[in-house]
Amino acid sequence: MHELPLVFFTVFTQSAVGAFILLLIGGTLGQIDRQRMAVGLFSAMCLFGVGVLLGIFHVGQPLRALNMLLRVGHSPMSNEIVLSAVFATLGGLGALGLLLNRGAASLCKGLVWLAAAVGVVFIFAIPQIYQLPTVVTWRTSYTTVMMVLTPMIGGGILAGLFGLRLGLLVSVLAILVSFCLRPGYILTLMDADGVLTAAQSSWFTAQVVLLAVGIVGVVAWVRLKTNVAVLATTSLVVIAAELVGRIAFYNLWTLPM
C-alpha cells in the first residue's frame, strides 16, 4: 500500500477520462441535454485534477517531475505526464467554456473533442509504464486490459450519475467482462508469483464483491426508479472497487532475486 498516490492517480484520472468521453458521445447522440453534459464534463475535469494532484505526492519532490519531460517520446512515464497536461488544458478550457456558455461554442466543442482524442491516448499510455521486464506480475497483457476497463467501469458509472444511461450500460458490461477475464488474470499472476498473488486474495475478493454490489445498485436504480442518492452511493462503491483492485495491483510489485 506504499503506492497509494498512484492508486488514486490512475483510478481517478482514468475514470474521469472515461466519463468525459462517454458524456461527449452521449451528448452527440442526444441522450443527455447540453447543460447536464457541460456540468458532467466540468466535474470530470475536476476529478481528473484531483487525481493529478494526488499523483504528484508519488514524485516526492514535485519539481523533479519537470525532469521527466526530457524523455518525452522515449519514456512511458514522460509521455503520461505530457498527455495528462495536454488533456487537462484542452478539456478544462473546453468544459469551462461550455459550462459558462462563454466564447465561441464551436471552439469549445473542438477543444473538448480534441481533449477526448488525447484522453484515449492517455488511457493506453498508462499501462505501458508497467510493462517492465523485471516485474513479471505486471508485464502481462492483462495489465493493459484491466486498466483499459477502468475508464469504462468507473467512467461509465460517473457518466450515468449525470444522467447518461449509456454510461450505466457501459459500466455494467465492462464489469461483466472483468469478471470473465478474472480467472485467467489470477491464473497468470499465480504462475508468475503464487505467494505474492495469494497475499492479495482479500483485495481481489473485496473488489469483486464491491463490483457485484455496483451491478445490483445500477439494476435497482433502473428498475425501481429510486432517487439519485442510490445511484450516487452505487458510484462510490464502484470507484471504491477500482481503488481496491488497484491497491492489489501495486502490491504485486516484486523484483526477481
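Just so we're clear, the structure is a prediction, and the values are computed from it rather than from any experiment.

Q: Would you mind going over the overall build of the chain with me for this structure?
A: If you tally the helices and strands in the chain, you get 8 helices and 0 strands. What you see in the chain, going N to C, is helices and strands ordered as α-α-α-α-α-α-α-α. What you see for the chain is a C-alpha radius of gyration of 18 Å, in line with the 18 Å of a compact globule of 257 residues. Dimensions along the principal axes, computed over C-alpha positions, put the chain at roughly 60 × 50 × 25 Å. Once local pairs closer than 6 in sequence are excluded, the contacts in the chain between residues at least 24 apart make up 75%. A total of about 12,100 Å² of accessible surface is found on the chain, and carbon and sulfur atoms cover 73% of it. Here the chain carries 12 positive and 6 negative side-chain charges, and the mean point of each set is 15 Å from the other.

Q: Would you mind showing me how to read the side chain of Thr150 here?
A: With respect to the helices and strands, Thr150 occurs in helix H5 (residues 141-161). Thr150 sits in the buried class, given a relative accessible area of 0%. When residues no more than four places from it in sequence are discounted, the contact partners of Thr150 are Val11, Gln14, Ser15, Gly155, Glu242 and Arg246.

Q: What is the right way to look at the packing of helix H1 (residues 4-28) against H5 in this model?
A: Packed helix pairs are characterised by how far apart their axes lie and by the angle those axes make with each other. Across the interface, H1 lies against H5 with an axial gap of 7 Å and an inter-helix angle of 60°. Classified by the interaxial angle, the pair formed by H1 and H5 is oblique. For the pair H1 and H5, the crossing hand works out as right-handed. In this structure, H1 uses Val11, Gln14, Ser15, Gly18, Ala19, Leu22 and Leu23 to contact H5, whose residues at the interface are Met147, Thr150, Pro151, Gly154, Gly155, Gly156, Leu158 and Ala159.

Q: Help me understand the packing of H5 against helix H8 (residues 228-251), please; the structure alone is not making it clear to me.
A: Where H5 meets H8, the closest approach of the two axes is 9 Å, and the angle between their N-to-C directions is 165°. In terms of axis orientation, H5 runs roughly antiparallel to H8. In this structure, H5 meets H8 at a crossing whose hand is left-handed. Of the residues in H8, those touching H5 at Thr143, Met147, Thr150, Ile153, Gly154, Ile157, Leu158, Gly160 and Leu161 are Val228, Leu231, Ala232, Thr234, Ser235, Val238, Ile239, Glu242, Arg246 and Phe249.

Q: What exactly am I supposed to notice about the UniProt feature "transmembrane region" (unreviewed entry) in the chain here?
A: UniProt's entry tags residues 6-26, 38-61, 81-99, 111-130, 142-161, 168-190, 202-222 and 229-253 with the feature "transmembrane region" (unreviewed entry), counted in the numbering of this structure. In residues 81-99, helix accounts for 100% and strand for 0%; the two terminal C-alpha atoms are 26 Å from one another. Along residues 202-222 one finds 100% helix and 0% strand; the C-alpha atoms at either end are 30 Å apart.

Q: Quick question: what am I supposed to make of the nonpolar core here?
A: Side chains of nonpolar character tend, in soluble globular proteins, to be buried together. Among the nonpolar cores identified, the biggest contains 70 residues, and Phe20, Leu41, Phe87 and Tyr130 are the most heavily contacted of them. For this core, the element with the most residues is H1, which contributes 13 residues. Residues contacting Phe87, with those up to four places away along its chain left out, are Val17, Phe20, Met45, Phe48, Gly92, Ala115, Val118 and Gly119.

Q: Help me understand the packing of aromatic side chains in this model?
A: For any pair of aromatic rings, the description rests on two quantities: the centre-to-centre distance and the angle between the ring planes. Under the definition given, this model contains 12 aromatic pairs. Geometrically, the ring pair formed by Phe48 and Phe122 is edge-to-face, given 5.6 Å between the ring centres and 65° between the ring planes. You can see Phe48 sitting in helix H2 (residues 34-56) and its partner Phe122 sitting in helix H4 (residues 105-128), a full 74 residues away along the chain. A residue is classified by how much of its surface remains accessible, and Phe48, at 1% relative accessible area, is buried. Given the relative accessible area of 0%, Phe122 is considered buried. Pairing Trp138 with Phe249 gives two aromatic rings, centres 5.1 Å apart and planes at 15°, and the pair type is stacked. Highlighted residues: Trp138 in the loop between H4 and H5 and Phe249 in helix H8, separated in sequence by 111 residues. Accessibility expressed as a relative area gives 6% for Trp138, which makes it buried. For Phe249, a relative accessible area of 5% corresponds to the buried category.

Q: Can you walk me through H5 in this structure?
A: The periodicity of an α-helix, 3.6 residues per turn, causes residues three or four positions apart to be oriented the same way. Its 21 residues place the ends of H5 31 Å apart at the C-alpha level, agreeing with the 30 Å of an ideal helix rising 1.5 Å per residue. At Gly155, H5 shows its maximal kink, close to 25°. Positive backbone phi, at 105°, marks Gly163, one or two positions downstream of H5.

How each quantity is defined
Residues numbered from 1 in each chain as written. Predicted model: local features only at pLDDT ≥ 70, side-chain atom pairs only at ≥ 80, totals over all residues. Heavy atoms only, no water. Helix = DSSP H or I, 4+ residues; strand = E, 2+ residues; numbered from the N terminus. Rg over C-alpha atoms; globule rule 2.2 N^0.38 Å. Contact = heavy atoms within 4.5 Å. Areas by Shrake-Rupley, 256 points an atom, 1.4 Å probe, with all protein chains shown as cover. Lys, Arg positive; Asp, Glu negative; His and termini not counted. Charge placed at Lys NZ, Arg CZ, Asp CG, Glu CD. Buried < 20%, exposed > 50% of the residue type's maximum accessible area, 1.4 Å probe, protein only. Axes fitted to C-alpha atoms, helices over the stretch in contact; angles between N-to-C directions. Parallel < 35°, antiparallel > 145°, perpendicular 65-115°, else oblique. Left-handed = near helix turned anticlockwise from the far one by under 90°. UniProt positions renumbered as here; feature names shortened; annotations may be inferred. Core = buried A, V, L, I, M, F, W, Y, C linked by side-chain atoms within 4.5 Å. Phe/Tyr/Trp six-rings, centres within 6.5 Å; stacked < 30°, edge-to-face > 60°. Expected span 1.5 Å × (residues − 1). Bend = angle between axes of the 7 residues up to and from the residue.

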